[in-house]
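# Working through the structure, step by step
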Amino acid sequence: MSIVTVQLGQCGNQIGHEVFNAICSDVRGTHGLCSKKENESYRDACKERFFSEEESEVPVARAVLVDMEPKVISQTLSIAARSGYWKYDDRSHFCQKQGSGNNWANGYSVHGPRHKEIIMNLVQKEAEKCDRLGGFFTIMSMAGGTGSGLGAFVTQCLRDTFPTSFILNHVIWPYGTGEVIVQNYNSVLTLSHLYQSSDALLVHENDVIHKICAQLMNIKQISFRDVNQVIAHQLGSVFQPTYTAESGLHYSRNLLGSFRDPSLYTSWLNPQDAFNVWKTPRAFNKYEKSASLVSNSQFLLKPLDNVVRKAWNMFASKAYIHQYTKFGIEEEDFLDSFTALEQVISSYTIL
Amino acid sequence: HLVSFQKGIYDEALSSFFRNVDTRSGDDGPDIYKGKICSLKARALLIDMEEGVVNEILQGPLRDLFDGKQLITDVSGSGNNWAVGHKLYGCQYRESIVEKLRKTAEHCDCLQCFFIIHSMGGGTGSGLGTFVLNLLEDEFPEVYRFVTSVYPSGEDDVITSPYNSVLAMKELNEHADCVLPIENESLFDIVNKIHQMINSGKLGSTVKQNSMVTSSAGSAKTVQEKPFDAMNNIVANLLLTLTSSARFEGSLNMDLNEISMNLVPFPRLHYLVSSLTPLYTLADVNVPSRRLDQMFSDAFSRDHQLIQADPKHSLYLACALLVRGNVQVSDLRRNIERLKPSLHFVSWNQEGWKTGLCSVPPVGHSHSLLALANNTCVKPTFIELKDRFMKLYKKKAHLHHYLHVDGMEQSCFSEAVSSLSDLIDEYDELDATKGGLRTDPSRLKIAV
């Protein structure tokens, strides 16, 4: 059962790289308490899921890298190859030169249609390499232009091309006090569109991860690399062959049939032991956890409400709208997106 | 940067500003896209209606960087007359300018942005410069137009500088994507401040070599210092830092189109006040976070701005911070949290910060910061400009020099001042209402 990862934009590619790193190290790492045989089957399952063994000596990540500017992908490819433990397929990437300018409309309405064929061809190639395709995992931020806009478009294309496959979108929620001024617009547009094509949205908030780095891990000068490694750790714990519900979901479905517990939350108490904890099946706990996660929908309600509120505030003054209409996203499209998200908010509130 | 780090390899960063020409077959040789540097040629067009300055460049230490064919010069100058620059020379040189622009553009893999660098107070930079701005919009509509404009000060010795500036402002309002106004007074003050600090001996350790924002000591060839050199170096540093994240890697890239996207909420409000810190670096290598934090504080202080303005006491529509060097996201966040309470942001953009992290610092520095503010503090500059204009215009002083020129009419003046007035009104409106509604606008109600 294999998963094809689509890394979109700077954030998507930076995180994707850390995820494959984390998975690879886990596979290579010690197997803690479980038996050698179990470890082997764990390793095989994991490798199969995320890597393909081609003629090369190292496993090749099942991934497609997409960005509208070249620097991040070029770095990501070379750092991965330098590790000596795994690499990306040299041909599985697509980039342009100009970037998306943090403009969702540019990513969705211009880059999307323009590069649809090439990108989907790359995805198709990766999908064909899989014996059994489990589904797609896309990584993107909501705040920028490529991950968010082009990401939403690509997700739609994935849904159209693979109607029965499972699509999981990993979405990065930006810092509340801003990384991008129009991040709330971009977020609203992204989420409303993803709702239509995605099966599940797995969310990580930069603010929360930042706190984890500061308070739980005591890192003094926190870099994006630190943040990304934490996220990758969490994702790795979710994706390993012991696997079930995700954190802070809107609605969930399981990627695989097996139900073995990843203990998402306790892994944060002992980051060094995290890998060991993954391997211990704790079916009982798992059910409790998933029950509390699903009903604990208030989790993302507040951030979602905040984003919509700020975006609406900005929209009421018409600020920055001309930047979007320039590329074909009109006020009506904004209104549709707001409506869609208000519906989500009210459905969660009623719960 | 090239000299200090790159060991002569032509890379992506260099290629943003230079072509690499194989000059073995003469100056017209083909471009080399990768590998060793043969001969760098600036992707630039030098335009002046008198020859003195351009000739100096072509005879100076940087002469090899400029392609002899990318020049447009004349002999008599524009007489500090916007109309002569814009209407007369514009018309005369239009074809030649377009042709040379096309040629330069063809050498680019992916042309993203034009930088127009000029002054507002004279005739050529102001008049012909804004003519070229128009031209760029017509010929290359998809390419961004960033304009660095030097505004005249109150005691400018060019009497007609208010006319020239206001006439040029209309063009900037309508055709520029972003304008970075610069005032000589501010540059001058910064230069003096640096000299004072160094000479006063107040600094415990010495200033790190090559680190002054005014010095060209870090540049590829030694350049003889002339009076404006130090001031101009500041502007050069501004443009370098502005493009650093597009040229070099970092954990949070910030490209030029992102600057335009995030800092321009309404098309005409595209005037960005810039500040650079630090002005110099002390020689000790350790950078305690206190000094890092000081760098952030300085970026918001009045005496680091490149125009005579005080953004802290006016209204922010948007703000961008681009940090270079070993600075991480937590440093950025900490300082934003710290400084936010003392800054006034418009109601619909209370937390509106655009941030970028570029790993590569400028030569001689361990880190540096560029702050770009879309802030109503530009208003006084524009109001003063308008006042000086009106003083002359009411008396119809010197008007005949302009109206003499073919294509120039009184309406050009009235339209220009009206355009400036409208702009000032927009800033006034924002200041008065702080950007809007007292309470949050009511949200959409969903029928359950």
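All residue numbers refer to position in the chain's written sequence, counted from 1. Working convention: letters from A go to chains and numbers from 1 go to ligands, in the order in which they are written. Local features in a predicted model are, by the rule used here, given only for residues with pLDDT of at least 70; side-chain atom pairs are given and counted only at 80 or more, and totals for whole chains, interfaces and linings are based on all residues. Calculated side-chain values reflect all of the structure's heavy atoms, with hydrogen atoms and water omitted.

### Things to note about the overall build of chain B
In terms of helices and strands, chain B carries 14 helices and 14 strands. Exposure categories follow from relative accessible area, calculated using a 1.4 Å probe and restricted to protein chains: below 20% of the type maximum is buried, above 50% is exposed, and the middle band is partly exposed. In chain B, buried positions account for 55% of the 448 residues. At a minimum sequence separation of 6, the contacts of chain B that also span at least 24 residues come to 80%. Surface accessibility in these figures is a Shrake-Rupley result with a 1.4 Å probe; residues are shielded only by whichever protein chains are displayed. With an accessible surface of roughly 19,700 Å², chain B has 53% of that area assigned to carbon and sulfur atoms. What counts as a helix is a DSSP run of H or I of at least four residues, what counts as a strand is a run of E of at least two, and both are numbered from the N terminus. The contact definition used throughout considers only heavy atoms, calling two residues in contact when any of these lie within 4.5 Å.

### Looking at the interface of chain A and chain B
Listed by partner, the interface residues are 51 residues for chain A and 55 residues for chain B. Here chain A and chain B share an interface that buries about 4,300 Å² over both sides, 52% of which is from carbon and sulfur atoms. Here, a salt bridge means any Lys or Arg side-chain nitrogen found within 4 Å of an Asp or Glu carboxyl oxygen. Inspection of the chain A/chain B interface yields four salt bridges. Its salt-bridge partner being Asp109(B), residue Lys97(A) comes within 3.4 Å of it at the nearest N-O pair. Here a polar contact is taken to be a pair of N or O atoms separated by no more than 3.5 Å, where protein atoms must pair a possible hydrogen donor with a possible acceptor and residues adjacent in sequence count only if both atoms sit in side chains. Summed over the shared surface of chain A and chain B, the result is 30 residue pairs in polar contact (both at pLDDT 80 or more). Within the residue set of the side of chain A that touches chain B, elements represented by two or more residues are helix H1 (9-28), helix H3 (70-83), helix H11 (298-316), helix H12 (321-325) and helix H13 (331-350) of chain A. Classification convention: Asp, Glu, Lys, Arg as charged; Ala, Val, Leu, Ile, Met, Phe, Trp, Tyr, Cys, Pro as nonpolar; all other residues, Gly among them, as polar. Residues of the side of chain A that touches chain B, tallied by class, amount to 18 nonpolar, 22 polar and eleven charged. Once two parts are joined, some of their accessible surface, as seen by a 1.4 Å probe, is lost; buried area is that loss totalled over both.

### Comments concerning the sheet that holds strand S2 (residues 51-52) of chain A
Think of a sheet as strands paired side by side through backbone hydrogen bonds, with each pair either parallel or antiparallel. Residues and elements named next belong to chain A. Strands were regarded as paired on the criterion that DSSP finds at least two bridges between them. As summarised here, the arrangement of the three strands in space is S2-S3-S5, forming an open sheet in which the pairing is mixed. Lying at the two open borders of the sheet, with one neighbouring strand each, are S2 and strand S5 (87-88). Relative to S5, strand S3 (residues 60-61) runs parallel, the two being bridged by two bridges. Within S5, the residue paired with Val60 across the bridge is Lys87.

### Quick notes on H1(A)
The span one expects for a helix is its residue count, reduced by one, times 1.5 Å. End to end, H1(A) covers 29 Å across 20 residues, agreeing with the expected 28 Å (1.5 Å per residue, within 8%). The buried fraction of H1(A) amounts to 17 of the 20 residues, a majority that puts the element mostly inside the structure.

### Description of the sheet that holds strand S8 (residues 166-173) of chain A
Residues and elements named next belong to chain A. Across the sheet, which stays open at both edges, the six strands sit in the order S6-S4-S1-S7-S8-S9 with parallel pairing between neighbours. On the outer flanks of this sheet lie strand S6 (93-95) and strand S9 (200-205), each paired with one strand and no other. Recorded for the sheet is a direction-independent mean angle of 15° between the axes of neighbouring strands. As paired elements, strand S1 (residues 2-8) and strand S4 (residues 63-67) share four bridges and run parallel to each other. Note that in S4 the partner of Gln7 across the bridge is Leu65. Structural elements are reduced to axes, namely lines fitted to C-alpha atoms, with helices fitted over the stretch in contact, and the angle between N-to-C directions of any two is expressed from 0 to 180 degrees. Sheet contacts for helix H7 (residues 206-216): S8 and S9; angle to S9, the most-contacted strand, approximately 50°.

### Observations regarding unusual backbone geometry
Residue and element names in this part refer to chain B. In this structure, Pro278 follows Thr277 across a cis peptide bond, with omega equal to -10°. With respect to the element layout, Pro278 can be found in the loop between strand S10 (273-277) and helix H10 (289-299). A positive phi angle, close to 55°, is found at Asn80, a residue other than glycine. Among the structural elements, Asn80 can be located in the loop between strand S6 (71-73) and helix H4 (82-106). Judged by relative accessible area, which is 35%, Asn80 ranks as partly exposed. The backbone phi angle of Lys396 is positive, close to 55°, even though this residue is not glycine. Tracing the backbone through its elements, the reader meets Lys396 in the loop between helix H12 (379-394) and helix H13 (399-403).

### Description of the pairing of strand S14 (residues 367-375) of chain B
Residues and elements named next belong to chain B. When you tally the buried positions in S14, you get nine out of nine residues, the bulk of the element. Both faces of S14 are covered, namely the face carrying His367, Leu369, Ala371, Ala373 and Asn375 and the face carrying Ser368, Leu370, Leu372 and Asn374. Pairing analysis gives nine bridges linking strand S11 (residues 315-325) to S14, with the strands arranged antiparallel. Each bridged residue has a counterpart across the sheet, and for Ala318 the counterpart in S14 is Asn374.

### Considerations on the pattern of salt bridges
Residues and elements named next belong to chain B. Going through the model one piece at a time under the given rule, you end up with 27 salt bridges over all chains. Ionic pairing is found between Asp138 and Arg94, a salt bridge with its closest N-O pair at 3.9 Å. Highlighted residues: Asp138 in helix H5 (residues 124-139) and Arg94 in helix H4, separated in sequence by 44 residues. Residue Asp138 is classed as exposed on the basis of its relative accessible area of 53%. Looking at Arg94, the relative accessible area reads 33%, which means it is partly exposed.

### Considering the nonpolar core
To form a nonpolar core, buried Ala, Val, Leu, Ile, Met, Phe, Trp, Tyr and Cys residues must be joined to one another through side-chain atoms within 4.5 Å. By size, the foremost hydrophobic cluster in this structure holds 217 residues, and its most contacted members are Tyr185(A), Tyr324(A), Met169(B), Tyr271(B) and Phe382(B). Viewed by domain, this core spans two of them, domain 2 (44-176) and domain 3 (179-199 + 229-397) of chain B, each represented by three or more residues. Ranked by size, the runner-up nonpolar core spans nine residues in total, among them Phe18(B), Ala42(B), Leu46(B) and Phe66(B). The domain limits used here are those given by an automatic or database domain assignment.

### Points about the side chain of Thr146(A)
All names here are of chain A. Locating Thr146 in the fold gives a position in helix H5 (residues 146-161). Side-chain polar atoms of Thr146 contact the side chain of Ser100, separated by 2.7 Å. In contact with Thr146, not counting residues within four places along its chain, are Gly9, Asp67, Met68, Ser100 and Gly151.

### Some points on the packing of helix H7 (residues 184-200) of chain B against helix H8 (residues 229-247) of chain B
All names here are of chain B. Contact geometry for H7 and H8: axes closest at 9 Å, N-to-C directions at 105°. With respect to their mutual orientation, H7 and H8 come out roughly perpendicular. Residues Asn184, Leu187, Phe188, Ile190 and Val191 of H7 form the contact with H8, whose own contacting residues are Ala230, Met231, Ile234 and Val235. Here the residues of the contact of H7 with H8 are counted per class, giving eight nonpolar, one polar and no charged. If an angle is under 35 degrees, it is roughly parallel; if it is over 145, roughly antiparallel; if it lies from 65 to 115, roughly perpendicular; otherwise it is oblique.

### Re the side chain of Gln323(A)
Secondary-structure assignment places Gln323(A) in helix H12. Take Gln323(A): its relative accessible area is 3%, and that puts it in the buried class. Non-local contacts of Gln323(A), meaning those with residues more than four positions away in its chain, are made with Asn103(A), Ser260(B), Met261(B) and Val264(B).

### What about the confidence of the model for chain B?
On a scale of 0 to 100, pLDDT captures the predictor's confidence in every residue. Here chain B averages 86 in pLDDT, while 87% of its residues score no lower than 70. For this predicted complex, the interface confidence comes out at an ipTM of 0.86, alongside a pTM of 0.87.

### Section: the pairing of strand S2 (residues 18-21) of chain B
All names here are of chain B. Here S2 shows a buried face lined by Phe18 and Asn20 and a second buried face lined by Arg19 and Val21. Judged from the four bridges that link them, S2 and strand S4 (residues 39-42) form a sheet pairing that is antiparallel. Across the sheet, the residue bridging to Arg19 is Lys41, located in S4.

### Some words on the packing of aromatic side chains
To pair, rings of Phe, Tyr and Trp, with the six-membered ring standing in for Trp, must have centres within 6.5 Å; the planes then decide the type, stacked if under 30 degrees apart, edge-to-face if over 60, and tilted in the middle. Using the criterion set out here, one finds 37 aromatic pairs over all chains in the structure. Between Tyr324(A) and Phe334(A) the ring centres are 5.2 Å apart and the planes differ by 85°, which places this aromatic pair in the edge-to-face class. Pair noted here: Tyr324(A) is in helix H12 and Phe334(A) is in helix H13, with a separation of ten residues, a long-range link. With respect to burial, Tyr324(A) and Phe334(A) carry one shared label: buried. Each ring, one from Phe345(B) and one from Trp353(B), has its centre 5.3 Å from the other, and the planes form 45°; the classification is tilted. Assigned by exposure class, Phe345(B) and Trp353(B) land together as buried. Within the aromatic cluster, the residues linked to one another by ring pairs are Tyr185(A), Trp312(A), Phe315(A), Tyr324(A), Phe334(A) and Phe338(A). Any Lys NZ or Arg CZ found within 6 Å of a ring centre and within 35 degrees of that ring's normal is scored as a charge over the ring. The side chain of Lys318(A) reaches across the aromatic face of Phe315(A), ending 4.8 Å from its centre. A cation over a ring is seen here: Lys396(B) above Tyr393(B), with NZ or CZ 5.9 Å from the ring centre.

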